[in-house]
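Examination of the molecular architecture
Letter by letter, the chains look like this.
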Amino acid sequence: MTRPQNQSRSDFELRSLAREIDLLRTEIREGRRPNNQSFLHNPTLLAIIGLLGTVATGIWQLHSARELEREKLRSTLIQEASKSGDNEKTIRTLRFLVEYGLITDENGLIATLKSSNAPSFAKEAPKAFTQREIQNTFGDPKLQFTLEGLGTPDAAWEKENIIDVNLPQMVGVRGFPKTGKIKFHKIASSHLESAIAEIAERGLLSKILSFDGAWAPRNVRGTSQYSIHAYGIAFDINAEFNRLGDKPKEIDAKGSLIELVPIFEKHGFYWGGYFSRPDSMHFQYGIKSE
Ligand SMILES: [Zn+2]
């Protein structure tokens, strides 16, 4: 494990940057530093900028910017700090920015951030596939409705697309089949396997309190539109604690899925907690790339 070492190195770099900024502030105040160029020739600072990327550049811009531009730069700083892809680093950088008065933390959000819930705070929500994109990618299950809202999929579509996915780690989770297998779309299956494997590896399987269904040939309740579950690319977990329409549970609440969201996202699953009518128990495969 090299992590603690990296972490202290990074802390050291932040402190160095802080000192440089203090120095810069003094020099700017005293009129000893008339343009940005001299700043960019400081080799120590260049090395730090390399590590912190646009964040440090943004800090510099903030100091040299006109008052009117500062608000924009502040939001850029927050965005840039959040793009590191390393939550611990994002949080340390954000706190550093607050400490130096470069951004404000009026509601105490940054102060209470935890590594595991940083992405949902810091990042913009990803975009899910539209129904049309889903149909183009995963095929049309052509449901024949026998009962109200519950259908039978086209046999050829099912044969071609729906396979057994083996998730042995999930055996024992309430509601999950004892065989360890569920039916899922062949395109999304390996992604679900790798997501569950990563959750298990990170010791987060205990966050999954129940399995509440995956492939289901049905409509969205109360409509004539296919549910995403009809395509075999969606699943529900912890339904009891994440009712449709309820605000997603905070990280420490029982049944909260916040810690699993970044992992599922990494493997291509969009979280229903982002819907305008939140469906926090729900994950579906298919995230649009930028
Ligand atoms: Zn669902």
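Residues numbered from 1 in each chain as written. Predicted model: local features only at pLDDT ≥ 70, side-chain atom pairs only at ≥ 80, totals over all residues.

1. Remarks on the overall build of the chain
The helix and strand inventory of the chain stands at 12 helices and seven strands. A buried classification covers 31% of the 290 residues belonging to the chain. (Helix = DSSP H or I, 4+ residues; strand = E, 2+ residues; numbered from the N terminus. Buried ≥ 20, exposed ≤ 12 C-beta atoms within 10 Å, placed from the backbone.)

2. Comments concerning the sheet that holds strand β7 (residues 282-285)
Read across the sheet, three strands follow the order β5-β7-β6 without closing on themselves; strand pairing throughout is antiparallel. The open sheet has two edge strands, β5 (234-236) and β6 (269-271), and neither has a second partner. Strand-to-strand, the axes of this sheet are offset by a mean angle of 25 degrees, without reference to chain direction. Note that β5 and β7 share three bridges and pair antiparallel. Within the sheet, the bridge partner assigned to Ala234 lies in β7 and is Gln284. (Pairing = 2+ DSSP bridges. Axes fitted to C-alpha atoms, helices over the stretch in contact; angles between N-to-C directions.)

3. Points about helix α11 (residues 186-201)
A rise of 1.5 Å per residue sets the reference length of α11, with its 16 residues, at 22 Å; its end C-alpha atoms lie 23 Å apart and thus fit the reference within 8%. Taken residue by residue, α11 has Ala188, Ser189, His191, Leu192, Ala195, Ile196 and Ile199 as its buried positions. Note on α11: the residue one or two positions beyond its end, Gly203, has a positive phi of about 70 degrees. (Expected span 1.5 Å × (residues − 1).)

4. Examining unusual backbone geometry
For Lys142, which is not glycine, the phi dihedral falls at a positive 40 degrees. Note on placement: Lys142 falls in the loop between α9 (131-138) and β1 (144-147). On the basis of neighbour counts, which here come to 16 C-beta atoms within 10 Å, the residue Lys142 falls in the partly exposed class. A positive phi angle is found at Asn238, which is not glycine, with a value near 50 degrees. In this fold, Asn238 is placed in the loop between β5 and α12 (261-266).

5. Remarks on the nonpolar core
One finds Phe184, Ala195, Ile233, Phe264 and Phe283 to be the most contacted residues of the largest nonpolar core, which totals 38 residues. Put simply, the parts of the chain that give this core at least two residues each are α9, β4 (181-185), α11, β5, α12, β6 and β7. No other element matches α11, which puts five residues into this core. Sequence-distant contacts of Ile233, that is, excluding residues within four places in its chain, are made with Phe138, His185, Ala188, Ile228, Gln284, Tyr285 and Gly286. Judged by nonpolar contacts, the second largest core, of five residues, contains Ile91, Leu94, Phe96 and Leu97. (Core = buried A, V, L, I, M, F, W, Y, C linked by C-beta atoms within 7 Å. Contact = placed C-beta atoms within 7 Å.)

6. Focus: the environment of Ser289
Residue placement: Ser289 occurs in the segment after β7. What makes Ser289 exposed here is the crowd of 5 C-beta atoms within 10 Å. In the structure, Ser289 is positioned 163 residues away from Pro126 in sequence and 8.5 Å away in space, judged by C-alpha atoms.

7. Looking at the environment of Pro153
Among the structural elements, Pro153 can be located in the loop between β2 (150-152) and α10 (155-161). Among the residues examined, Pro153 registers 22 C-beta atoms within 10 Å and is labelled buried. With 65 residues separating them along the chain, Pro153 and Arg218 place their C-alpha atoms 9.0 Å apart. Beyond its immediate sequence surroundings of up to four residues, Pro153 is in contact with Pro141, Lys142, Leu143, Glu158 and Pro217.

8. A closer look at the confidence of the model for the chain
Parts of the model with low pLDDT should not have their predicted coordinates read in detail. Mean pLDDT for the chain: 76, with 61% of residues reaching 70 or above. For residues 33-57, every residue scores under 50 in pLDDT, and the model assigns this stretch 28 contacts once sequence neighbours within four places are set aside. (pLDDT = per-residue confidence, 0-100.)

9. Describing the environment of Gln131
Looking at the secondary structure, you find Gln131 in helix α9. Once the C-alpha coordinates of Gln131 and Tyr226 are considered, the two residues, 95 residues apart in sequence, prove to be 8.7 Å apart.

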